Amino acid sequence: MEQYGEDEHLRVGSAPEHAAGVPAVVRSLRMLHDQVGVARGTRALLRINQKHGFDCPGCAWPEGSTHRKVAEFCENGVKAVAEEATERRITEDFWNEHPVSDLRERSGYWLGQQGRLTQPVYKPPGSDHYAPIGWDDALDLVAAELRRLDNPDRAVFYTSGRTSNEAAYLFQLFVRAYGTNNLPDCSNMCHESSGSALTETIGVGKGTVSLEDIGMADLILVVGQNPGTNHPRMLTALAAAKRSGTSIVTINPLREAGMVRFKDPQRIDGVLGKGTELSDQYLQIRINGDLALFQALGRRLLDADAAAPGSVLDHDFITTSCAGFAAYAEHVRRIDDDMVRAAAGLQDAEIDELADRLMRSDRVIVCWAMGLTQHKNAVATIREIVNVLLLLGSIGRPGAGVCPVRGHSNVQGDRTMGIWDKPPPELLDGLRREFGFEPPTHDGCDVVESIRAMRDGKVDVLMAMGGNFVAATPDTAVTEDAVARCRLTVSVSTKLNRSHAVVGSASLILPTLGRTERDEQAGGPQAVTVEDSMSSVHLSQGRLAPASETLLSEVSIVCRLARRVLTDGPVLPWAEFERDYRTIRESIGRVVPGCAGYADKVEQDGGYVLANGPRDSRTFTTPDGKAHFTVNQLEVVDVPPGRLLLATIRSHDQYNTTIYGLDDHYRGIRSGRRVVFVHADDITALGFVDGQVVDLVSEWADGERRASGFRLVAYATPRGCAAAYFPETNVLVPLDSTADVSGTPTSKSIVIRLEAAR
Ligand SMILES: Nc1nc2c(c(=O)[nH]1)N[C@H]1C(S)=C(S)[C@@H](COP(=O)(O)OP(=O)(O)OC[C@H]3O[C@@H](n4cnc5c(=O)[nH]c(N)nc54)[C@H](O)[C@@H]3O)O[C@H]1N2
Ligand SMILES: Nc1nc2c(c(=O)[nH]1)N[C@H]1C(S)=C(S)[C@@H](COP(=O)(O)OP(=O)(O)OC[C@H]3O[C@@H](n4cnc5c(=O)[nH]c(N)nc54)[C@H](O)[C@@H]3O)O[C@H]1N2
Ligand SMILES: [Mo]
């Protein structure tokens, strides 16, 4: 396969000891001007995250409601905008020159570089070519295929996290009116573990802190997250907190430059000076050691309070607002120190120091991302974070709480709008009331269950609202075969990706407007709404000329498809919805739990913040109204001798499966992606040398999987740990290796061995 042939120029240098916003933004601007041109590029940048502008398609970190800076974006946002606002176009000739079999051999980087999709194209069964097709014919085709299914559960409807609230709301409405809850989404692979753990323990599956809280905390733990690359604007907030006296502790197997020192592009001392030293303590924990660490911290807090009662624990809060304390305390008092050492790989003194910091802090925030959510025990690990915060009463108070940092810019909103394979009953009640049809009540398939169903011949149609299903999901070989068993695959997309090359017997690509673009409907120019990581909802209005006259918005595509599919089902106001998106928001206000008055409230300046019981009033919407301590068994992933535990991670120049470029600046990698980071002593002990090219072989109960040709890079990480980029390594993640409860693929703990490249 020529797929990853770009790596011949790979260079490995030393990783910098800090993240610097200015050079990073300059590098991205170069990318923007290459793709977009100076005038259109500048116009786009001035509209990112501004009032009356568009929400940055980069990440879900909030913008801050009051003091928006002129340039409220980061290098990540610039790249995301360049990717979408590019002036490159895929035109009719492209499809003649590149049969599907050719697209399959291309890298994700190459596919993305071809530019924006401009017209619907169809690949009929038996053909190796896509050819242009009109919108009506395309949508008729999908409708015919959906209408012939004898069981709606034979169709699966995937959503990625850039879809607006309006499109997401209509998509789930259409899918449920059609008769299935098969609504898997990227969240299943992302923060599902956070949602599961938080709903169970505090009653709401979202974070409980605001941007203001970040500045008020005494102590912030950043666990399993690399904001320097994935949420650069978070570094600005952390640096500001740091300057006002907040302590910051990083818990991460890799020494990530962004968490060491940060030069803020928005400040003069960040441009000229040394920047801000961010982490007061940096714990290079072993992969998957976090559950053990938080149990060990819990025990130290209990012991210290037992020695001086009332000095550490918030007894009032625990007694009046929490359940399950006694069982939890009993359990962590008996944890085995040797197991903690084996799992976390930390010195006792390091854990003692962090415990002291917790005891000295009145307000504690814990932030986390994929380093915690993609393990077998991910849900249990996040429950342990909640346990520690409950002990301290550090939840539902200013400057304190849980902060799962979301990825895709609207992944949290999509879930609020009902993109959920296991819908809450209140949402279904709302749909029943508003539209008078009986929605399906049985659970649908999440991502992994959908792949199993496709593999087992139980799915005929896969429709994706954005994203890159075959590349983002685990077990690439299994998934690609599974998808190929569908009769029809349909992608609503802005850019070409691997999911357009690995398809069912028939395949349609439906090109859509991106968030930066003007959306004109019969009722005038339309805005959409999005929700950020801190539950703030606001309007977003695209300003750039669309990439092509032919593009339809996601809302239009759903409305026009629904009208064709539901001809004998419930009569719903699709034409009105398409004409004026405010009518969608009015319906959201009547249907979606917690969104009363939505249409008016989002029109307020800066939008509004959705209610959140723990944050607003320290109320917990669990069945008994209490916050719950939980008891979690400490299990350590069994890594046999000679094997490593692999985490699959992101580089600085990628957005999930979208590869912007081949550098990972903050880790010293240039012009290539097939690298594996391993401790120098492990490289030697395993009989290899730094720089050697190896295969990664994952070992799992059902057999071995191989990813070939990775350059070994000696790196500062604990013994026994390894890291390499996704999606190249997704082939190593077994489909059935998932997190307990949440079902998230265990993309951060794969047992591998290294073999000299064949
Ligand atoms: N530029 C850019 N921005 C992005 C994205 C992108 O791809 N590119 N993706 C977006 C999306 S959808 C998401 S979900 C977020 C992802 O944001 P992150 O979660 O920051 O992304 P990852 O690269 O997966 O990084 C996980 C971090 O966890 C660490 N880690 C791995 N295993 C463990 C462990 O067992 N314990 C601990 N404590 N740490 C561990 C890794 O070393 C790494 O620093 O970013 C969003 N923003
Ligand atoms: N091994 C491993 N696998 C992982 C992860 C990991 O850490 N390790 N992380 C997981 C995580 S956290 C996530 S969120 C998933 C991501 O999974 P996805 O969300 O499915 O993947 P993306 O790469 O973000 O999707 C990119 C594509 O979305 C389309 N797109 C972009 N903007 C728009 C838009 O506005 N509208 C529409 N309709 N389409 C658009 C473009 O065609 C682009 O090619 O991957 C998961 N997979
Ligand atoms: Mo994500």
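Residues numbered from 1 in each chain as written. Chains lettered and ligands numbered in written order. Predicted model: local features only at pLDDT ≥ 70, side-chain atom pairs only at ≥ 80, totals over all residues. Heavy atoms only, no water.

Visitor: Would you explain the site of ligand 1 in this entry?
Guide: Near ligand 1 lie 31 residues; those nearest to it are Asn 76, Glu 256, Asn 288, Gln 654 and Asn 656. Separating a nitrogen atom of ligand 1 from a side-chain N or O atom of Asn 76 is a distance of 2.7 Å. At a separation of 2.8 Å, an oxygen atom of ligand 1 approaches a polar backbone atom of Asn 226. Within the complex, the protein chains bury 99% of what would otherwise be the 920 Å² of accessible surface of ligand 1. A domain split of the shell around ligand 1 shows at least three residues from each of domain 3 (192–405) and domain 4 (644–756). (Near = heavy atom within 4 Å. Polar contact = N/O pair within 3.5 Å; in protein donor to acceptor, adjacent residues only side chain to side chain. Areas by Shrake-Rupley, 256 points an atom, 1.4 Å probe, with all protein chains shown as cover. Domains from an automatic or database assignment.)

Visitor: Would you take a moment to explain the environment of Trp 700 for this structure?
Guide: Mapping Trp 700 onto the fold places it in strand β30 (residues 693–700). Taking C-alpha positions, Trp 700 is 17 Å from Asp 740, a pair spaced 40 residues apart along the chain. Other than its neighbours up to four places away in sequence, Trp 700 contacts Arg 705, Pro 734, Asp 736 and Ser 737. (Helix = DSSP H or I, 4+ residues; strand = E, 2+ residues; numbered from the N terminus. Contact = heavy atoms within 4.5 Å.)

Visitor: Sorry if this is basic, but what is going on with the site of ligand 2 here?
Guide: In the vicinity of ligand 2 there are 30 residues, among which Tyr 158, Ser 160, Ala 472, Glu 554 and Thr 657 approach most closely. Taking His 408, its side chain carries an N or O atom lying 2.8 Å from an oxygen atom of ligand 2. At 2.5 Å, a side-chain N or O of Thr 657 approaches an oxygen atom of ligand 2. In isolation ligand 2 offers 920 Å² of accessible surface; the protein chains occlude 96% of this area. When residues of the shell around ligand 2 are sorted by domain, at least three fall in each of domain 2 (89–189 + 416–609) and domain 4 (644–756).

Visitor: For this particular structure, what's the right way to read the packing of aromatic side chains?
Guide: Each aromatic ring pair is specified by the distance between its two centres and by the angle formed by the two planes. In this structure the tally under the stated criterion is 15 aromatic pairs. Arranged with centres 6.3 Å apart and planes meeting at 70°, the rings of Tyr 598 and Tyr 608 form a pair that is edge-to-face. Residue Tyr 598 is found in helix α30 (residues 598–601), and its partner Tyr 608 is found in strand β23 (residues 608–609); the two are separated by 10 residues along the sequence. Overall, Tyr 598 belongs to the buried group, its relative accessible area being 1%. Clustering of aromatic rings is evident, with ring pairs tying together Phe 94, Trp 95, Trp 110 and Tyr 130. Across the ring face of Trp 110, the terminal group of Arg 106 is positioned such that the distance to the ring centre comes to 4.1 Å. Over the aromatic face of Tyr 282 sits the side chain of Arg 255, whose NZ or CZ is 5.5 Å from the ring centroid. (Phe/Tyr/Trp six-rings, centres within 6.5 Å; stacked < 30°, edge-to-face > 60°. Buried < 20%, exposed > 50% of the residue type's maximum accessible area, 1.4 Å probe, protein only. Lys NZ or Arg CZ within 6 Å of the ring centre and 35° of its normal.)

Visitor: What exactly am I supposed to notice about the layout of surface pockets here?
Guide: The rolling of a water-molecule-sized probe over the atoms marks out the regions of remaining empty space. Each pocket or cavity is described by its volume, and for the largest pocket that value is around 1100 Å³. Forming the walls of the largest pocket are 38 residues, and the residues nearest its centre are Thr 199, Val 204, Gly 205, Trp 420 and Pro 424. When contributions to the lining of the largest pocket are tallied by element, the ones reaching two or more residues are α9 (192–202), α22 (411–416), α23 (425–435) and α31 (613–617). The element best represented in the lining of the largest pocket is α9, accounting for 4 residues. (1 Å grid on protein atoms, 1.4 Å probe; cavity = no way out; pocket = protein on both sides within 12 Å on 5 of 7 lines; lining within 4 Å. Points joined across faces, edges and corners; volume = space filled by probe spheres on them.)

Visitor: Just to check I follow, could you spell out the pairing of strand β32 (residues 721–725) for this structure?
Guide: Taken across its 5 residues, β32 has 5 buried, putting it largely inside the fold. Of the two faces of β32, the one lined by Cys 721, Ala 723 and Tyr 725 and the one lined by Ala 722 and Ala 724 are each fully buried. Looking at chain direction, strand β29 (residues 675–678) and β32 are connected through 3 bridges and run antiparallel. Looking at the pairing, Val 678 lines up with Ala 722 of β32. (Pairing = 2+ DSSP bridges.)

Visitor: What am I meant to see in the pattern of salt bridges here?
Guide: Any two side chains of opposite charge can pair if their charged atoms end up close together. Under the criterion given, the structure shown has 55 salt bridges. The partner of Arg 582 in a salt bridge is Asp 600, and the shortest N-O contact between them spans 2.5 Å. Note that Arg 582 is positioned in helix α29 (residues 581–591) and Asp 600 in helix α30, a separation of 18 residues in sequence. In the salt-bridge network here, residues are joined through shared partners; they are Arg 643, Asp 695, Glu 699, Glu 704, Arg 706, Arg 753 and Glu 755. (Salt bridge = Lys/Arg side-chain N within 4 Å of Asp/Glu carboxyl O.)

Visitor: Is there a simple way to think about the packing of helix α8 (residues 165–178) against α29 in this case?
Guide: Any two packed helices are characterised by how steeply their axes cross, that is the angle between the axes, and by the distance between the axes. Where α8 contacts α29, the two axes come as close as 10 Å, and the packing angle between them is 65°. Between α8 and α29 the crossing geometry is left-handed. Residue-level contacts link Asn 165, Glu 166, Tyr 169 and Leu 170 of α8 to Tyr 581, Ile 584, Arg 585, Ser 587, Ile 588 and Val 591 of α29. For the contact of α8 with α29, the per-class residue count stands at 6 nonpolar, 2 polar and 2 charged. (Axes fitted to C-alpha atoms, helices over the stretch in contact; angles between N-to-C directions. Left-handed = near helix turned anticlockwise from the far one by under 90°. Nonpolar A, V, L, I, M, F, W, Y, C, P; charged D, E, K, R; others polar.)

Visitor: Looking at this structure, how should I read the domain arrangement of the chain?
Guide: Many authors give the size of an interface as the accessible area that is lost as the parts come together. Considered domain by domain, the chain is made up of domain 1 (5–83), domain 2 (89–189 + 416–609), domain 3 (192–405) and domain 4 (644–756). Relative placement of domain 1 and domain 4: their C-alpha centres are 26 Å apart. Each side of the interface is counted separately: domain 1 has 23 residues, and domain 4 has 20 residues. For the pairing of domain 1 and domain 4, the buried interface totals around 1800 Å² over both sides, and the portion due to carbon and sulfur atoms is 52%. Of all residues in domain 1, the largest losses of buried area upon contact with domain 4 belong to Leu 10, Arg 11 and Lys 79, amounting jointly to 28% of the total for that side. Put simply, Asp 653 and Lys 79 hold a salt bridge, and the shortest N to O gap is 2.9 Å. Summed over the shared surface of domain 1 and domain 4, the number is 7 residue pairs in polar contact (both at pLDDT 80 or more). (Buried area = accessible area lost by both parts, 1.4 Å probe.)

Visitor: Explanation requested: the sheet that holds strand β2 (residues 19–20) in the structure shown.
Guide: One key point about sheets: their strands pair by backbone hydrogen bonds, in either a parallel or an antiparallel sense. Strand order across the open sheet formed by 3 strands is β2-β10-β11, with mixed pairing between neighbours. What marks the edges here is a single partner per strand, and that holds for β2 and β11 (276–277). Summarising the sheet, β2 and strand β10 (residues 261–263) pair through 2 bridges and their orientation is parallel. Opposite Ala 19, over in β10, you have Phe 262 as the bridge partner.

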